[in-house]
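A look at the structure
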Amino acid sequence: MNKVCKDDEYVVVDVETDKDTLNKILDSQYIKKIIIDINYSNQDIGSKVKRFVDKDIKASNTGRLKIEATQKNDSYIEPRKSDILLGAMESSLSNGETEANVLDENGRTETIKTVDYPLKDFINGFESRFFILVFEKLIAMFKNGKQNNK
């Protein structure tokens, strides 16, 4: 990166997260705490709530946003009922990370971190076409303004 960036520029690289991990958090019956840490994205793709969060971060000149949500005493967090939480969590798939404390089926607190579950994919083909195949795979993942992360 030092060869292509100027002294006053910086690059943030986030690993794409497997969407199944986010779904595991969202599908949990009892979410006690959520910490979402995202950075601004140049992408205008994804769901309506993700685009809302991305647009808002851009408009406010915010480079990085961290949200911590904790449960009320007598209930649990329901991120699907919040455009802000859901949009930020979806944005974290490509542009940050989400950590959640949930109760598992045995009533014990389990911490799920999206950063622990990077998206893994495979490319098959001739080695001489490797760079083209990678390019085609990335284009297919984000084609038509929609994120197609499994």
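To keep things clear, this report deals only with the structure shown in the data block.

Thresholds applied
Residues numbered from 1 in each chain as written. Predicted model: local features only at pLDDT ≥ 70, side-chain atom pairs only at ≥ 80, totals over all residues. Heavy atoms only, no water. Patch = residues over 30% accessible without salt bridge, like charges linked within 9 Å, V, L, I, M, F, W, Y side chains within 5 Å. Areas by Shrake-Rupley, 256 points an atom, 1.4 Å probe, with all protein chains shown as cover. Salt bridge = Lys/Arg side-chain N within 4 Å of Asp/Glu carboxyl O. Helix = DSSP H or I, 4+ residues; strand = E, 2+ residues; numbered from the N terminus. Pairing = 2+ DSSP bridges. Axes fitted to C-alpha atoms, helices over the stretch in contact; angles between N-to-C directions. Contact = heavy atoms within 4.5 Å. Buried < 20%, exposed > 50% of the residue type's maximum accessible area, 1.4 Å probe, protein only.

1. Quick word on a nonpolar patch on the surface
On the surface, I123, F130 and F131 cluster together into a nonpolar patch covering about 340 Å² of accessible area. Structurally, F131 can be placed in helix α4 (residues 130–141).

2. As for the sheet that holds strand β3 (residues 96–103)
Read from one edge of the open sheet, four strands run β2-β1-β3-β4, paired in antiparallel fashion. The open sheet has two edge strands with one neighbour each: β2 (64–70) and β4 (109–113). Along the sheet, successive strands turn relative to each other by an average axial angle of 5°, direction set aside. Across the sheet, helix α1 (residues 19–26) touches β1 (31–39), β3 and β4, and the angle it forms with β4 is around 150°.

3. Details of the environment of I34
Relative to the helices and strands, I34 is located in strand β1. Relative accessible area serves as the criterion here: at 0%, I34 is assigned to the buried category. The spacing of I34 and T98 is 64 residues in sequence and 7.0 Å in space, taken between C-alpha atoms. Ignoring sequence-local partners within four residues, the contact set of I34 consists of I67, E68, A69, I77, P79, M89, T98, E99 and A100.

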